[in-house]
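Architecture and fold: a report
Read off the chains here:
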Amino acid sequence: DVKVTQSSRYLVKRTGEKVFLECVQDMDHENMFWYRQDPGLGLRLIYFSYDVKMKEKGDIPEGYSVSREKKERFSLILESASTNQTSMYLCASSFSSGDGYTFGSGTRLTVV
Amino acid sequence: DQQVKQNSPSLSVQEGRISILNCDYTNSMFDYFLWYKKYPAEGPTFLISISSIKDKNEDGRFTVFLNKSAKHLSLHIVPSQPGDSAVYFCAAKLGSARQLTFGSGTQLTVLP
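Only a predicted model underlies this, so the values are computations on that prediction, with no experimental measurement involved.

The rules behind these values
Residues numbered from 1 in each chain as written. Chains lettered and ligands numbered in written order. Predicted model: local features only at pLDDT ≥ 70, side-chain atom pairs only at ≥ 80, totals over all residues. Heavy atoms only, no water. Helix = DSSP H or I, 4+ residues; strand = E, 2+ residues; numbered from the N terminus. Buried < 20%, exposed > 50% of the residue type's maximum accessible area, 1.4 Å probe, protein only. Rg over C-alpha atoms; globule rule 2.2 N^0.38 Å. Phe/Tyr/Trp six-rings, centres within 6.5 Å; stacked < 30°, edge-to-face > 60°. Salt bridge = Lys/Arg side-chain N within 4 Å of Asp/Glu carboxyl O. Pairing = 2+ DSSP bridges. Contact = heavy atoms within 4.5 Å. Buried area = accessible area lost by both parts, 1.4 Å probe. Nonpolar A, V, L, I, M, F, W, Y, C, P; charged D, E, K, R; others polar. Polar contact = N/O pair within 3.5 Å; in protein donor to acceptor, adjacent residues only side chain to side chain.

1. Notes on the overall build of chain B
What chain B contains, in helices and strands, is 0 helices and 11 strands. Written out in order from the N terminus, the α and β elements of chain B read β-β-β-β-β-β-β-β-β-β-β. Here the C-alpha coordinates of chain B stretch approximately 40 × 30 × 20 Å along the principal axes. Looking at chain B residue by residue over its 112 residues, the buried ones come to 44%.

Have a look at this one:
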């Protein structure tokens, strides 16, 4: 089974802190994605990557950056956390453009 | 502007009856559609998909119907079971794009 692992289930950070959310997949997938889930808004794409060191902005990239130094790892970075970034963050991966996703279990981030 | 819409935030159904979850989309270029199911504190898991060249796809208790002229798809669950209680997300893909566009989700509650 493909496994997508997010390093933290719950995080509490202070406003202005730099926050790293880590995601690792173990099936050599090309594509990796970061979404956030908010009530009434569903899943919104923040960034995705289709290869090492390659990244593409999604629908809501403002306030975020990403890093993909190795194929299996995709990090989401909040440069200066703000309270409106309190959300559930979901990482996903897929093998090719024709495939659906495999999701991680999510990280519930609270910014206080 | 949401390209994939799930207009019912919640749905309650009696055990054994049919559940019908609806999804509308605005971009006629979408050519592949998926449904994901999400339990609390878990990542979404793939349920069923349909290509735009079909109008129906069935997998056990789950059937997805696609009406391209109306830009509408629906997920039928028959018979509904309490374990089906979850949030259901509709998603759409554009051609060779890697990313999925998700709806806002529908919370299904199946009452025993």
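2. Remarks on the overall build of chain A
When helices and strands are tallied, chain A shows 0 helices and 11 strands. Listing the helices and strands of chain A from first to last along the sequence gives β-β-β-β-β-β-β-β-β-β-β. The C-alpha atoms of chain A give 13 Å as radius of gyration, which agrees with the globular expectation for 112 residues (13 Å, within 12%). For the C-alpha atoms alone, the extent of chain A along its principal axes is close to 35 × 25 × 25 Å.

3. Description of the packing of aromatic side chains
Scanning the entire structure with this criterion turns up 16 aromatic pairs over all chains. Each ring, one from Tyr-101 of chain A and one from Phe-102 of chain B, has its centre 6.2 Å from the other, and the planes form 50°; the classification is tilted. Of the two residues, Tyr-101 of chain A sits in the loop between β9 (87-94) and β10 (102-103) while Phe-102 of chain B sits in strand β10 (residues 100-102), which places them in two different chains. Phe-102 of chain B carries the same exposure label as Tyr-101 of chain A, and that label is buried. Look at Phe-89 of chain B and Phe-102 of chain B: their rings are 6.5 Å apart centre to centre, the planes differ by 90°, and that puts the pair in the edge-to-face class. Linking Phe-89 of chain B in strand β9 (residues 86-94) with Phe-102 of chain B in strand β10, this pair joins segments that are 13 residues apart in sequence. Here Phe-89 of chain B and Phe-102 of chain B have matching classes, each one buried. Of the aromatic side chains, those joined through ring pairs into one cluster are Phe-33, Tyr-35, Phe-48, Tyr-101 and Phe-103 of chain A together with Tyr-36, Phe-46, Phe-89 and Phe-102 of chain B.

4. Some thoughts on the pattern of salt bridges
Taken as a whole and assessed by the stated rule, the structure comprises 7 salt bridges over all chains. A salt bridge links Asp-28 of chain A to Lys-71 of chain A; its shortest N-O distance comes to 3.2 Å. Taken together, the residues Asp-28 of chain A in the loop between β3 (19-25) and β4 (31-38) and Lys-71 of chain A in the loop between β7 (64-70) and β8 (73-78) connect sequence positions 43 residues apart. The partly exposed category is assigned to Lys-71 of chain A, whose relative accessible area is 29%. Two residues, Lys-56 of chain B and Glu-58 of chain B, come together in a salt bridge whose shortest N-O distance is 3.9 Å. Put simply, Arg-36, Asp-38 and Arg-44 of chain A are held in one network by salt bridges that share partners.

5. Side note on the pairing of strand β5 (residues 45-51) of chain B
All names here are of chain B. Strand direction decides the pairing type here: strand β4 (residues 30-38) and β5, joined by 6 bridges, are antiparallel. Directly across from Phe-33, in β5, lies its bridge partner Ile-50. Between β4 and β5, which pair antiparallel and follow one another directly, the connecting turn spans 6 residues, one of which, Ala-41, has a positive phi of 65°.

6. Overview of the interface of chain A and chain B
Counting from both sides, the interface comprises 20 residues of chain A and, opposite them, 19 residues of chain B. In total, chain A and chain B occlude about 1600 Å² of area from one another, counting both sides; carbon and sulfur atoms represent 58% of this. Of all elements in the fold, only β4 and β5 (42-51) of chain A reach the threshold of two or more residues within the side of chain A that touches chain B. Looking at which element gives the most residues to the side of chain A that touches chain B, the answer is β5 of chain A, with 5 residues. Here the side of chain A that touches chain B is composed, by residue class, of 10 nonpolar, 9 polar and 1 charged.

7. Looking at the side chain of His-76 of chain B
Residues and elements named next belong to chain B. Relative to the helices and strands, His-76 is located in strand β8 (residues 72-77). Assessed through its relative accessible area of 18%, His-76 is described here as buried. Here Ser-74 takes part through its side chain, which lies 3.4 Å from a polar atom of the side chain of His-76.

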